[in-house]
Amino acid sequence: MQLIACPWCGPREEVEFHYGGQAHVPYPDSPAELSDEEWALYVFFRDNTKGRFAERWNHTTGCRRWFNAIRDTTTYRFESVYRLDDPKPPVTELARSRRSTAP
Amino acid sequence: MSPPFRTASGGRIDRATAVEFIFDGQTLTGHPGDTLASALLAHGRHQVATSITLGRSRGIAAAWAEDPGGLVQVEEPFPEPMLLATTVELFDGLVAHGLPGQGRLADVPDSARYDAVHHHVDVLVVGAGPAGLAAALTAARAGARVALVDEQSEAGGSLLSGTERLDDAPALEWVAAAVAELAGSPEVLHLQRTTAFGSYDDGFVLALERRTDHLGAAAPRHVSRQRVWRIRARSVVVATGAHERPVVFADNDRPGTMLAGAARTFLHRYGVLPGRAAVVFTTNDSAYDTALDLSRAGVHVQAVVDARPEGSPRRREECEAAGIRLLPGAVVTGTQGVERVTHALVAPFADGAVGAGSAIACDLLLVSGGWNPAVHLYSQARGRLRYDEVLGAFLPGERLDGLTVAGSAAGVLDLAGCLADGRRGARAALTALGITPAADDRLPAAPESAVPTAPLVLWRVPDTSGADGSTSFVDLQRDATVADIARAIGAGLRSIEHVKRYTTIGTAHDQGKTSGVLTSGITAELLGIPVQDTGTTTFRPPYTPVAFAALAGRDRGRLFDPERVTALHEWHVAAGAVFEDVGQWKRPRYYPRPGEDMAAAVLRECAAARTGVGILDGSTLGKIDVQGPDAAVLLDRLYTNMMSSLKVGSVRYGVMCGVDGMVIDDGTVLRLAEDRFLVLTTTGGAAKVLDWMEEWVQTEWPDLRVHCTSVTEQWVTLPVVGPRSRDVVGAVFPGVDVSAEAFPFMTWRDTSLEGVPVRLARISFSGELAYEVYVNPWYAVAVWQRLLEAGRPHGITPYGTETMHVLRAEKGYPIIGQDTDGTVTPHDLGMAWAVSKKKPDFIGKRSFARPANADPLRKQLVGLLPVDRETVLPEGSQVVEFLADGELPPPPVPMLGHVTSSYRSAELARPFALALVRGGRERIGETVHVPVDGTLVPAEVTGSVLVDPEGARRDG
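Worth saying up front: this structure is predicted, and the values here are computed from it rather than measured.

Undergrad: Account for the pairing of strand β49 (residues 927-932) of chain B, naming residues and giving values.
TA: Bridge count for β49 of chain B against strand β50 (residues 935-942) of chain B is six bridges, and the pairing is antiparallel. Note that in β50 of chain B the partner of Val-928 of chain B across the bridge is Ala-939 of chain B.

Undergrad: Talk me through the nonpolar core; I want residue IDs and the actual numbers.
TA: Note that soluble globular proteins tend to have their nonpolar side chains buried in a common cluster. Formed by 49 residues in total, the largest nonpolar core has its most connected members in Phe-21, Phe-23, Leu-36 and Phe-266 of chain B. Setting aside residues up to four positions removed in sequence, Phe-23 of chain B forms contacts with Leu-28, Leu-36, Leu-40, Arg-45, Val-48, Val-72, Ala-96, His-97 and Gly-98 of chain B.

Undergrad: Tell me what's going on with the interface of chain A and chain B, and back it up with residues and numbers.
TA: Facing 29 residues of chain A, the contacting portion of chain B comprises 30 residues. Summed over both partners, the interface of chain A with chain B comes to about 3,000 Å²; 43% of that surface belongs to carbon and sulfur atoms. Inspection of the chain A/chain B interface yields six salt bridges. As a salt-bridge pair, Arg-846 of chain B and Asp-36 of chain A come within 2.7 Å of each other at their nearest N and O atoms. Applying the counting rule to chain A against chain B returns 16 residue pairs in polar contact (both at pLDDT 80 or more). In terms of residue count, the dominant contributor to the side of chain A that touches chain B is helix α1 (residues 36-44) of chain A (five residues).

Undergrad: Lay out unusual backbone geometry in plain terms, naming residues and giving numbers.
TA: The phi torsion of most residues other than glycine is negative, and most of the peptide bonds are trans. Residues and elements named next belong to chain B. Of note, the bond from Glu-76 into Pro-77 is cis; its omega dihedral lies within 30 degrees of zero at 5°. Take Pro-77: it is sitting in the loop between β5 (71-76) and β6 (80-84). Residues Pro-891 and Pro-892 are joined by a peptide bond in cis, for which omega reads -5°. Tracing the backbone shows Pro-892 in the loop between β46 (878-879) and β47 (897-905). Residue Ala-909 is not a glycine yet carries a positive backbone phi of 55°. Summarising the element assignment, Ala-909 is placed in the loop between β47 and β48 (910-918). When its relative accessible area of 59% is taken as the criterion, Ala-909 is described as exposed. We note that Asp-933 has phi near 50°; this positive angle belongs to a residue other than glycine.

Undergrad: Can you lay out the side chain of Asp-665 of chain B for me, pointing to particular residues and giving the numbers?
TA: All names here are of chain B. Position of Asp-665 among the secondary structure elements: in strand β37 (residues 663-673). Here Asp-665 is buried and forms no salt bridge, its nearest opposite-charge partner Lys-688 lying at an N-O distance of 5.1 Å. Among the polar contacts made by the side chain of Asp-665, one reaches the side chain of Thr-682 at a distance of 2.6 Å. Each residue touching Asp-665, except ones within four places of it in the same chain, is listed here: Gly-654, Val-655, Met-656, Thr-681, Thr-682, Gly-685, Val-689 and Ile-816.

Undergrad: Just give me the short version of the pattern of salt bridges, but keep the residues and values in it.
TA: One pass over the full model with this rule turns up 64 salt bridges over all chains. In this structure, Arg-56 of chain A and Glu-695 of chain B form a salt bridge, with 2.7 Å as the shortest nitrogen-oxygen distance. With Arg-56 of chain A in strand β4 (residues 52-58) and Glu-695 of chain B in helix α17 (residues 686-699), this residue pair bridges two chains. In this structure Glu-695 of chain B comes out as buried when scored by relative accessible area, which is 17%.

Undergrad: How would you sum up the sheet that holds β6 of chain B? Please name residues and give values.
TA: Residues and elements named next belong to chain B. Overall, mixed pairing links the five strands, which are arranged β2-β1-β7-β5-β6 in an open sheet. The outermost strands of the open sheet, each flanked by one partner alone, are β2 (26-30) and β6. Each adjacent strand pair in this sheet contributes to an overall mean axis angle of 35°, direction not counted. For strand β1 (residues 19-23) and β2, the ladder comprises five bridges, and the chain directions are antiparallel. Note that in β2 the partner of Glu-20 across the bridge is Thr-29.

Undergrad: Describe in detail helix α18 (residues 725-732) of chain B, supporting the description with residues and values.
TA: An α-helical turn contains 3.6 residues, so any two residues separated by three or four positions project in the same direction. Residues and elements named next belong to chain B. Listing the buried residues of α18 in full gives Ser-725, Arg-726, Val-728, Val-729 and Val-732. One side of α18 holds all its buried residues, which, seen down the axis, span an arc of 165°. For α18, the secondary structure elements touched by its buried residues are β40 (716-721), β41 (748-753), β42 (756-761), β43 (770-775) and α19 (780-791).

Conventions adopted
Residues numbered from 1 in each chain as written. Chains lettered and ligands numbered in written order. Predicted model: local features only at pLDDT ≥ 70, side-chain atom pairs only at ≥ 80, totals over all residues. Heavy atoms only, no water. Pairing = 2+ DSSP bridges. Helix = DSSP H or I, 4+ residues; strand = E, 2+ residues; numbered from the N terminus. Core = buried A, V, L, I, M, F, W, Y, C linked by side-chain atoms within 4.5 Å. Buried < 20%, exposed > 50% of the residue type's maximum accessible area, 1.4 Å probe, protein only. Contact = heavy atoms within 4.5 Å. Buried area = accessible area lost by both parts, 1.4 Å probe. Salt bridge = Lys/Arg side-chain N within 4 Å of Asp/Glu carboxyl O. Polar contact = N/O pair within 3.5 Å; in protein donor to acceptor, adjacent residues only side chain to side chain. Lys, Arg positive; Asp, Glu negative; His and termini not counted. Axes fitted to C-alpha atoms, helices over the stretch in contact; angles between N-to-C directions. Arc of directions from axis to C-beta.

Dropping the structure here:
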């Protein structure tokens, strides 16, 4: 059970948090102007990234605030957390590993 | 009188005290400090059980948790299955018997307490052997906050099993001094009888402390029997030692066959001779210590059979001096005996080939095939292993952040090396944490140990018995043999994970502590590939079995999940209410009178509400206070209907959808002020709706000046329902004009009762004239009783959730989550009227314009009236239709939908149901069929509103 660093509360047990899916998927400005396909993309389609992924998290049993995080979906490790009004950090393919190369 | 195999002196047992225990019906004695296994061995008893599938005799084969042989069931003081004789500490009154691989769960409740403790440390050291003690001392001396946990009854680890010396004194004197030093360090927690069984992310380690198991019936009742320690460590030092590995040969499961190191433990720690005449079979130097120690203690060591061509030149002189015959370049190829080994079959061995052998008489056959570092906790933390050719073992192969392996768990097998490696591990951990190690962290001097002769890696002895490996046991608990591995490979399996599952090796109680690496080795050999390519199976928690009772801890019974009760709960209990669980709430379901069952009580309660007056405790209704200048904007965006146009003093019903347009909750909204609303949600949806509001406010509309907070528990809600409700409410609250003209439907009024603020609302969940009374919970009982008092002349009847459901269903009011399932739109519910056409957007609106939403064959909420006027259609029943010829279509019979709510109606004098039915509204008037207990019940499709469809009753 890992620790997740809430940007407001600091590191807390994983069980205090709820997952909120892919981050940076804003509600469309004018849904009425979207085609059915465009609207369906917003409602139903999300990335399924292997590696670093920008996600929404909610500190459900703590401060109850939403925040964003970059997490590696292959290792589960959180690489950074940031507030909703912070810009999205660059997400590169390079996954940070828990391991160092020395034996 | 001492048992026959007890030594005259020595060991860590309390010889002055005798304890009596019963094993397999036989009364025996032992001493405090014994395990069940050592006490049995003291009586000369090796065989403990028979094996799970083959029924072969099995005995004690090791001295601790790696033992695959000695399974027992404890009967007294509390029944517990699948324990190991080697890990059950002896106490007076213990009753146990051997188990053929399967135990029996207790059929009486466990009255013991179990609990859990959270603990946070800088450095957690697992294992209190030489490396662990050195690590703990190093960390403690640096001033770090330290936890030291060890699974044995006392600290010392391997030192408890030998005669090692440190600083020219018995090593256990240093152990005692180290324990005392740790006890004097205020920041150190030192726990014995505590097994770290799981290692997880970020230094999270679970450990099980056995607090009173060893006390038997004398265990104090107020102390928890076992405790789970949830330790969060900034750094973990794993010093868990190594397990000795056997060599596989024919009939290697015969009782009397034991790991060499275990015999040394039984001798030195427990004062027990595991036999009189021993043969020692080894591939490495460590077993020589056992041979020499046993010989000194009076055991006749018949021979040391060493598979290495030269044996151990270094130990030859010692053996010769002790009169022990050395047989280098030889192996044990099999055993003889029935319930106990009587002979070891020994044969020359060169270049993998076995020569002609002979039998050596013995009652004890000791085996050592080398040592497997106990890397479990490291591997659980997803550390990769590497195969070490010299040791023939898998070692930690990389450095993990926050987790260091030290001592023999890291492949360091000599005492001086373990001490130094423990200190190194702790220093590395401290440095990583920015803690400076103490200038003086001296460790005791261990005698120089000569470099041992390199071990021979030998997984198995070729089977010359003619059994073709079918009696060469790899996993004794699973009765799995070399022949089984060969069969798995013959079936085409290559991955060690597949071989494990095919053969079941490593899936038993011991999870492959002795068999796992052997399987890798033998599999590699049979496949002709290097062992490192085979690898090991995955190590998963728990390291040793943990009882569910311990994991549950105090989260049992009433403490499993919080129970929420309303302010009127005691009144309901006194009134004889039958309760039902609604989420975490306890709600009265109905109030039976003497002789009434639920059906009768509900019919009576329904009739009262429809013809007189009823009263409900509706306090569990979710309530959210929404405040701020933009409160109306928020609600306009979240509800399908317009809330901003609601007047202060008025109430509006609203439906809430997800972005997919499906209904997620409904309820009424009271406008308290221009900038303040009270939102009522379903009981089950309260938390979800508040979270929903928060999510949108925080993530999409942070510009809105609005705040939402739950006030569910700040208000009790008491609906007074029925044509006589006006009389009752008017009598209790004379300050309010309750007439239909002055207090119309869907409005609210504030009043007070003797200075206590009260809010009344004309909201109806039954279709009848009704007033909801809101008051602070402190006054709930008083107001409830005033209402009952005023209602007595009218026969006021308290009713529960069942009647509430019948009344609302008769009116076609859906319960979100019962009549809907996440695929239902407001239009499907017949609530197009609740969907605003004026608002440019709200959550869900765009989805309503999708073509699928306009499909006339969508499932729609309709009523069903069973034609026989008798059958209450079971909720969840499928709805089907006949073909034109009056027959069912051939299977699979298409499903039109399902029954969502179904009750007996007092008002209609017949059962009725609500159902989601394909194109339901177009079918009104048609007959469909519902299979009930094998017969097809015809039912007429109706509109969803069955009682008072004109709404004539709501004003009384």
